[in-house]
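Remarks on the overall topology
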Amino acid sequence: MARYVGSICRYCRRESMKLFLKGTRCLTDKCAFERRNYIPGQHGQKKTRRRVSEYSRQLREKQKLKRIYGLLERQFVFTFGKAERLKGMTGDNLVSLLERRLDNVTYRLGLATSRKAGRQLVNHGHIMVNGKKVDIPSFFVQKDDVIEVRPRSRENVAIKASVETVESRGIPSWLEWDHTHLKGEVRGLPTKEDAAIPVDEQLVVVLYSR
């Protein structure tokens, strides 16, 4: 599957805000957004901008949501379709589904410093769900699922370094974390408020309803 391999700092600059795609590394002085907080490209520093249309606002919200969770367009459309089929508001369902992705849960539990790093841990088979290895980042966790690090991976340097920052980052209320056994449990399904992301998901719904 094709995937963007360029500088992800361009994404933050394009959206004119930090998306924290590199996790805690975005808090350092070396963050590209801090040094060049204008849109990338040869015209990025121009002061005059065109009036932003309603479609443009909707598109930008969709792009932010995609980039925060690291999805390609086809993956995002699939998730949106699944959200539409669930009961309740489509926007809330969409955010909840994105939060329930295993790569995101791995990040939220503090086992990885970013969602991209969490996706890599899952792909490499370091994560188990309910005692079974799961290497699919898009796997949706359910209530009462137990997510843990495989016994053979508990000495992984990257995991151990990330776990040390768990207390300062905090764990969402819908997850429970056992530091001693590197194990987490899904206490309930996440809500839009739990995600705490700078995106107006209702504009995304309007965009796909056109």
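Let us look at the structure shown here. Every value quoted in this text rests on a predicted model; they were computed, and no experiment measured them. (Residues numbered from 1 in each chain as written. Predicted model: local features only at pLDDT ≥ 70, side-chain atom pairs only at ≥ 80, totals over all residues. Heavy atoms only, no water.)

Brief notes about the pattern of salt bridges
In the structure shown here, the tally under the stated rule is 12 salt bridges. Measuring nitrogen to oxygen at the nearest pair gives 3.9 Å for the salt bridge that ties R115 to E99. On the criterion of sequence distance, the pair formed by R115 in helix α7 (residues 115-123) and E99 in helix α5 (residues 90-99) is long-range, its members being 16 residues apart. The exposure class of R115 is buried, given its relative accessible area of 10%. With a closest N to O distance of 3.4 Å, E148 and R154 form a salt bridge. According to the relative accessible area criterion, E148 is buried, its value standing at 11%. Here R154 falls in the partly exposed class, since its relative accessible area comes to 27%. Salt bridges linked by common partners bring K62, K66 and E73 together as one network. (Salt bridge = Lys/Arg side-chain N within 4 Å of Asp/Glu carboxyl O. Helix = DSSP H or I, 4+ residues; strand = E, 2+ residues; numbered from the N terminus. Buried < 20%, exposed > 50% of the residue type's maximum accessible area, 1.4 Å probe, protein only.)

A closer look at the environment of R101
Within the secondary structure, R101 sits in the loop between α5 and α6 (102-108). Given the relative accessible area of 4%, R101 is considered buried. A polar side-chain atom of R101 sits 3.0 Å from a polar atom in the side chain of D103. (Polar contact = N/O pair within 3.5 Å; in protein donor to acceptor, adjacent residues only side chain to side chain.)

These figures capture arrangement, not role.
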